[in-house]
Amino acid sequence: MKILRYLAGLAPLLLLTACGSDDHPPATPAPVPILATAQATPDLSSLVAAVQFASDNNDLVNLFGASGTLTVFAPTNAAFDALARSLTGNANARVADILVPANKPMIRSVLQYHVLTSVVGSTAIPFGKAITPAGGGYFKIDQVSGKPVITDGRNRKSNITTTDIAASNGVVHLVDGVLLPADKTVVQTAIASAPEFSSLVAALQFASNDNDLVNTLSGTGPFTVFAPTNAAFDALARELTGNAAATATALLVPENKALLRAVLTYHVVAARVLKAEIAVNTPITTVQGRTFVIQAPTSGVTITDGRNRVANITATDVLASNGVIHVIDKVILPPQ
């Protein structure tokens, strides 16, 4: 009887063991290449169509589908439809409306702008710093309210909505906007931002010799420009003339040309330096040859110029094709 009771007590365990001996948790599917991952994701069908359309001899298809170490910021179907509406001006446009031969070079460039040639998971994103994609140019990613937001080369914002989709040749992050590379230099960006920087543009044109300052800042760079607003130039005019009613146009007289050339080049650094990359409390050398210092007190970021005057940096990281612009509320001056 004791043996029977013992065996009866073992029965549930034996039954469980027998039933589970051949049962295993379902195997996790092996990752497939990024293109196959996109093909298996209904919300990425427009991306797949764009890759197939824009390929030359299947090169983009192979890039997304072959072995490698890639990071792809993958726009959703809604993102591509929004781009189609933006490019065509048609409120009913869809992605198919922009997959036309005339747009092929642009679509190729845009797709390559979404690809990094290394694997960058969400925990490795260099927030606030320049990110260089396979197609050239750059964009940046910031944390906004704890979520990753991309600023593209045209200063458009897109949200990363899903991260770390594993593929055999890299990783995919979903984005809700199509990223566009920059299409304006720092000078063109300043002109497009009129009227806020119209005094800066006028000063550059006035102080140039055969347009040299404008041409230089329209070149390949890279440059960082600390751009004073119109109000800042008006304040400088009042400071230099002693006339409380003076405006920026009072500076544009022949006897001030040499001074303005020195002042304008004092606002330019011959490197691309985003806010997150600024060296604080360290002399920063300008193309004019003199230095200034940037501080980051709790109240904001400031510049102390060569005459111990302080300017506030009021906006940062306005991206351009050949550099970046930071906005300041005072014209800084080199040492006398």
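In this text, all values refer to a predicted model and were calculated from it rather than measured experimentally.

S.K.: Just to check I follow, could you spell out the side chain of Thr229 for this structure?
M.R.: Of note, Thr229 is situated in the loop between strand E8 (223-228) and helix H10 (230-241). The class for Thr229 is buried, based on a relative accessible area of 13%.

S.K.: Looking at this structure, I do not really get the packing of helix H8 (residues 198-207) against helix H11 (residues 257-265). What am I missing?
M.R.: How two helices pack is summed up by the angle between their axes together with the distance between the axes. Interaxial distance between H8 and H11 falls to 9 Å at its minimum, and their mutual angle equals 120°. It follows from the interaxial angle that H8 and H11 lie oblique. Of the two elements, H8 crosses H11, and the hand of that crossing is left-handed. Contacts between H8 and H11 pair Leu200, Ala203, Leu204, Phe206 and Ala207 from the former with Lys257, Leu260, Arg261 and Leu264 from the latter. Classifying every residue of the contact of H8 with H11 gives seven nonpolar, no polar and two charged.

S.K.: Please explain the nonpolar core as it appears in this structure.
M.R.: Counting 32 residues, the largest nonpolar core has Val51 and Leu111 as the members making the most contacts within it. Those elements that place two or more of their residues in this core are helix H2 (34-39), helix H3 (45-54), helix H4 (59-65), strand E1 (70-75), helix H5 (77-88), helix H6 (104-112) and strand E7 (170-175). Of all the elements, H3 adds the most residues to this core, at five residues. One finds Leu200, Ala232, Leu236 and Leu264 within the second-largest nonpolar core, a separate group that totals 31 residues.

S.K.: Sorry if this is basic, but what is going on with empty space enclosed by the protein here?
M.R.: Using a probe with the size of a water molecule, rolled over the atoms, empty space left in the structure can be pinpointed. In the structure shown here, the tally under the stated rule is one cavity of 30 Å³ or more. What the largest cavity holds in volume is close to 30 Å³. Around the largest cavity, the lining residues are Ile34, Thr37, Ala38, Leu44, Leu47, Val72, Ala74 and Val172. At the level of secondary structure, the elements contributing two or more residues to the lining of the largest cavity comprise H2 and E1. Top element by residues in the lining of the largest cavity is H2. It accounts for three residues. By residue class, the composition of the lining of the largest cavity is seven nonpolar, one polar and no charged.

S.K.: Sorry, what's going on with the confidence of the model for the protein here?
M.R.: If pLDDT is low for a region, its predicted coordinates should not be looked at in detail. Of the residues in the protein, 92% have a pLDDT of 70 or more, and the chain-wide mean is 92. In the model, residues 1-21 has pLDDT below 50 throughout and makes zero contacts with residues more than four positions away in sequence or in other chains.

S.K.: Can you help me understand the side chain of Asn169 in this one?
M.R.: Within the secondary structure, Asn169 sits in the loop between strand E6 (157-167) and E7. For Asn169, a relative accessible area of 0% puts it in the buried group. Within polar-contact distance, the side chain of Asn169 engages the backbone oxygen of Ala66 at 2.7 Å. With sequence-adjacent residues up to four places away left out, Asn169 is seen in contact with Pro33, Ile34, Leu63, Phe64, Gly65, Ala66, Ser67, Gly68, Thr69 and Leu70.

S.K.: Help me understand H10 in this model?
M.R.: Owing to its 3.6 residues per turn, the α-helix brings residues three or four apart onto one side. The terminal C-alpha atoms of H10, which comprises 12 residues, lie 17 Å apart, in line with the 16 Å expected from a rise of 1.5 Å per residue. Turning to H10, its buried residues number three or more, namely Asn230, Ala232, Phe233, Leu236 and Ala237. Each buried residue of H10 lies within a common arc of 155° when the element is viewed along its axis, so the set occupies one face. Where the residues of H10 are buried, they touch H8, E8, H11 and strand E14 (323-328).

S.K.: I keep staring at the sheet that holds E1 and nothing clicks. Help me out?
M.R.: Strands belonging to one sheet form pairs held by backbone hydrogen bonds; the direction of such a pair is parallel or antiparallel. Reading across from one edge, E2-E1-E7-E6-E5-E4-E3 is the order of the seven strands in this open sheet, with mixed pairing throughout. Taken across any chain shown, the strands that pair with only one partner, and hence form the sheet edges, are strand E2 (115-116) and strand E3 (130-131). With three bridges connecting them, strand E5 (residues 147-151) and E6 associate as antiparallel partners. Along E6, the bridge assignment pairs Ile150 with Ser158.

S.K.: Even after reading the chapter, I still don't get the layout of surface pockets, so can you show me in this structure?
M.R.: Empty space within the largest pocket amounts to approximately 220 Å³. Around the largest pocket sit 19 residues that line it, and Leu204, Leu217, Val225, Leu264 and Val268 are the ones nearest its centre. Elements supplying a minimum of two residues to the lining of the largest pocket: helix H7 (186-192), H8, helix H9 (212-217), E8 and H11. It is E8 that contributes the most residues to the lining of the largest pocket, five residues altogether.

S.K.: What exactly am I supposed to notice about the pattern of salt bridges here?
M.R.: Opposite charge on two side chains lets them pair, provided their charged atoms get close. What the rule picks out here adds up to 11 salt bridges. The salt bridge involving Lys140 is made with Asp142; its shortest N-O contact spans 2.8 Å. Take Lys140: its relative accessible area is 7%, and that puts it in the buried class. In the salt-bridge network here, residues are joined through shared partners; they are Asp56, Asp59, Lys104 and Arg108.

Criteria and cut-off values
- Every chain's residues receive numbers from 1 upward, in the order its sequence appears when written.
- Reporting in this predicted model follows two pLDDT cut-offs: at least 70 for local features of residues, and 80 or more for side-chain atom pairs to be given and counted; totals over whole chains, interfaces and linings ignore these cut-offs and use all residues.
- Heavy atoms throughout the structure, all of them, feed into the side-chain values; hydrogens and water do not.
- What counts as a helix is a DSSP run of H or I of at least four residues, what counts as a strand is a run of E of at least two, and both are numbered from the N terminus.
- To sort residues, take the accessible area from a 1.4 Å probe on protein chains only and compare it with the maximum for the residue type: under 20% means buried, over 50% means exposed, and anything in between is partly exposed.
- All axes here are fitted lines through C-alpha atoms, helices being fitted over the stretch that makes contact, and every angle between N-to-C directions spans 0 to 180 degrees.
- Our angle categories are set so that under 35 degrees counts as roughly parallel, over 145 as roughly antiparallel, 65 to 115 as roughly perpendicular, and the remainder as oblique.
- The hand of a helix crossing depends on one turn: near helix anticlockwise from the far one by less than a right angle means left-handed, and clockwise means right-handed.
- In this description, contact between two residues means that some pair of their heavy atoms is separated by no more than 4.5 Å.
- Any residue outside Ala, Val, Leu, Ile, Met, Phe, Trp, Tyr, Cys, Pro, Asp, Glu, Lys and Arg is labelled polar, Gly included; the first ten of those are nonpolar and the last four are charged.
- Side-chain atoms within 4.5 Å link the members of a nonpolar core, which is a set of buried Ala, Val, Leu, Ile, Met, Phe, Trp, Tyr and Cys residues.
- Residues are called lining when one of their atoms sits within 4 Å of a cavity or pocket point, these points coming from a 1 Å grid over the protein atoms alone, where a cavity is a set in which a 1.4 Å probe fits but cannot get out and a pocket is an open set with protein on both sides within 12 Å along at least five of seven lines.
- Grid points are joined across faces, edges and corners, and a volume is the space filled by probe spheres set on the points.
- Per-residue confidence from the predictor is reported as pLDDT, a score between 0 and 100.
- Distance and chemistry together define a polar contact, namely a pair of N or O atoms within 3.5 Å, with one atom able to donate a hydrogen and the other to accept it when in protein, and with adjacent residues in sequence counting only for side-chain atoms on both sides.
- To estimate the expected span of a helix, count its residues, drop one, and scale the result by 1.5 Å.
- Directions drawn from the helix axis to the C-beta atoms are what define this arc.
- Pairing between strands is defined by DSSP: at least two bridges between them are needed.
- Salt bridges are counted wherever a side-chain nitrogen of Lys or Arg sits within 4 Å of a carboxyl oxygen of Asp or Glu.

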